[in-house]
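Descriptive analysis of the structure
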Amino acid sequence: MDTEYLKEYLKRKGATLVGVGDVTQALSRELIHLTKGISLAMNRGLTRDTNQLLAGLQKLTQEWLKKQGYRSFSIPPDSDRWKDKLITRLYPLVSHKTAATCSGLGWIGKNGLIINEFYGSKLSWSTVLTDAPLTIDRPITESQCGDCDLCVKHCPSGAVTGNNWSRRDPLQEIVRYERCRSLKGKRRHFSEKPNCGLCITICPYSRNGLRHPTGNRKSEQEILQKS
Ligand code: SF4
Ligand code: SF4
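So, here is what we can say about the structure in this document. (Residues numbered from 1 in each chain as written. Chains lettered and ligands numbered in written order. Predicted model: local features only at pLDDT ≥ 70, side-chain atom pairs only at ≥ 80, totals over all residues.)

**Overview of the overall build of the protein chain**
Where we set the bar: Elements are defined by DSSP. Helices are runs of H or I of four residues or more, strands are runs of E of two residues or more, and each kind is numbered from the N terminus. A residue is called partly exposed when the number of other C-beta atoms within 10 Å of its own lies between 12 and 20, exposed at 12 or fewer, and buried at 20 or more, with C-beta atoms placed from the backbone. Here contacts are defined at the residue level, using C-beta atoms placed from the backbone and a cut-off of 7 Å between them.
Looking only at helices and strands, the protein chain features eight helices and six strands. Scanning the protein chain from its N terminus toward the C terminus, one meets helices and strands in the order α-β-β-α-β-α-β-β-β-α-α-α-α-α. A burial count over the protein chain gives 37% of its 227 residues as buried. Across the protein chain, every contact between residues at least 6 apart in sequence was considered, and the portion connecting residues at least 24 apart equals 67%.

As structure tokens, then:
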């Protein structure tokens, strides 16, 4: 099966990154037959428009797979969590983080988000599961944050624990989400500006695009002054 063709096709249609991973270990019983996770990422903030573009890419993926005679199932982009609808029940089935790390597109950073070496945490994600015999990419199984602790040091709520993610220890606490939510809730009362997100903007991978030629070059101090 021509996996490279599918990847190039989806990139021509607007995907920034496309990867394929074996997600068998993370699947719930209902989906155990759909062992491959196609991870789709766009280099855009998670807005309603991005959501629609990602959903469009998922539709194209599913149509292509169906033509080849294979089954598939889409896990929608994260912003659909905001809506109170049935689709929110799909998220526990398999996460975009699982598909992205199994596809080798990133690791879970100390900030609890998918970090890609070129785009940091600034990508929006969606996933298509399938039983098609696609060629899988090499997974990333350990954090590559190394000694960096910028998000730990600067998180205003103390939510970032500093623990390094590893696929071998999926239950380890990376971010204390109740602290993060509590801080954002308090800020929402007096600010229309994004109520935090410092753990994204301070991250060297997001900030400098470390290996990305067009990454912005803001210094740590510049970002802290504006936060
Ligand atoms: S969004 Fe802000 S409060 Fe929440 S984990 Fe990131 S830096 Fe901490
Ligand atoms: S700021 Fe540093 S420790 Fe935090 S996610 Fe980015 S690379 Fe990892």
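And the narrative resumes.
**Some remarks on the sheet that holds strand β6 (residues 124-130)**
Sheet strands pair via backbone hydrogen bonds, and the direction of the pair is either parallel or antiparallel. To keep it simple, the criterion reads: At least two DSSP bridges between two strands are needed for those strands to be called paired. For helices, the fitted axis covers only the stretch in contact; all axes are lines through C-alpha atoms, and the angles between them, taken along N-to-C directions, range from 0 to 180 degrees.
With respect to topology, four strands assemble into an open sheet ordered β1-β2-β6-β3, the strand pairing being antiparallel. A strand with exactly one partner marks an edge of an open sheet, and here the two such strands are β1 (17-22) and β3 (72-75). Going across the sheet, the axis of each strand differs from the next one's by a mean of 20°, ignoring polarity. With seven bridges connecting them, strand β2 (residues 36-42) and β6 associate as antiparallel partners. In the sheet register, Ala41 faces β6, and the bridge partner there is Trp125. Where helix α2 (residues 48-67) meets the sheet, its contacts fall on β2, β3 and β6, and the angle it forms with β6 comes to roughly 20°.

**Let's talk about the site of ligand 1**
To keep it simple, the criterion reads: Using a C-beta atom placed from the backbone, a residue is described as near a molecule or strand when that atom lies within 6 Å of it.
Near ligand 1 you find 13 residues, and of these Cys155, Ser157, Cys180, Cys196 and Cys199 are the closest. Within the residue set of the shell around ligand 1, elements represented by two or more residues are α5 (177-188) and α6 (198-201).

**Quick look at the pairing of β1**
For β1, a buried count of five out of six residues is recorded, marking the element as mostly surrounded by other parts of the structure. As paired elements, β1 and β2 share six bridges and run antiparallel to each other. Residue pairing across strands places Asp22 opposite Lys36, the latter belonging to β2.

**So, the site of ligand 2**
The condition that has to hold: Three categories are distinguished: nonpolar for Ala, Val, Leu, Ile, Met, Phe, Trp, Tyr, Cys and Pro, charged for Asp, Glu, Lys and Arg, and polar for the others, with Gly belonging to the last. All domain edges in this entry derive from an automatic or database-based domain assignment.
Among the 13 residues in the neighbourhood of ligand 2, the closest are listed as Gly109, Cys145, Cys148, Cys151 and Cys203. In terms of residue class, the shell around ligand 2 is made up of nine nonpolar, two polar and two charged. Here the shell around ligand 2 spans two domains, since at least three of its residues come from each of domain 1 (3-130) and domain 2 (150-226).

**Things to note about the pairing of β6**
The side chains of a regular strand alternate, residue by residue, between the two faces of the sheet. For β6, a buried count of seven out of seven residues is recorded, marking the element as mostly surrounded by other parts of the structure. The sheet contact formed by β3 and β6 spans four bridges and is antiparallel. Of the residues in β6, the one forming a bridge with Ile75 is Thr127.

**Describing helix α1 (residues 3-12)**
Which entries qualify depends on this criterion: By definition, the arc is the one covered by directions from the helix axis to the C-beta atoms.
Listed as buried for α1 are Leu6, Lys7 and Leu10. Burial along α1 is one-sided: seen end-on, the buried residues are contained in an arc of 100°. Among the exposed residues of α1, those pointing more than 90 degrees away from its buried face are Glu4, Tyr5 and Arg12. On its buried face, α1 sits against β1, β2 and α2.

**Some remarks on the environment of Gln62**
Summarising the element assignment, Gln62 is placed in helix α2. Spatially, the C-alpha atom of Gln62 lies 7.9 Å from that of Ser74, the residues being twelve residues apart in sequence. Residues in contact with Gln62, not counting those within four places in the same chain, are Ser72, Ser74 and Val128.

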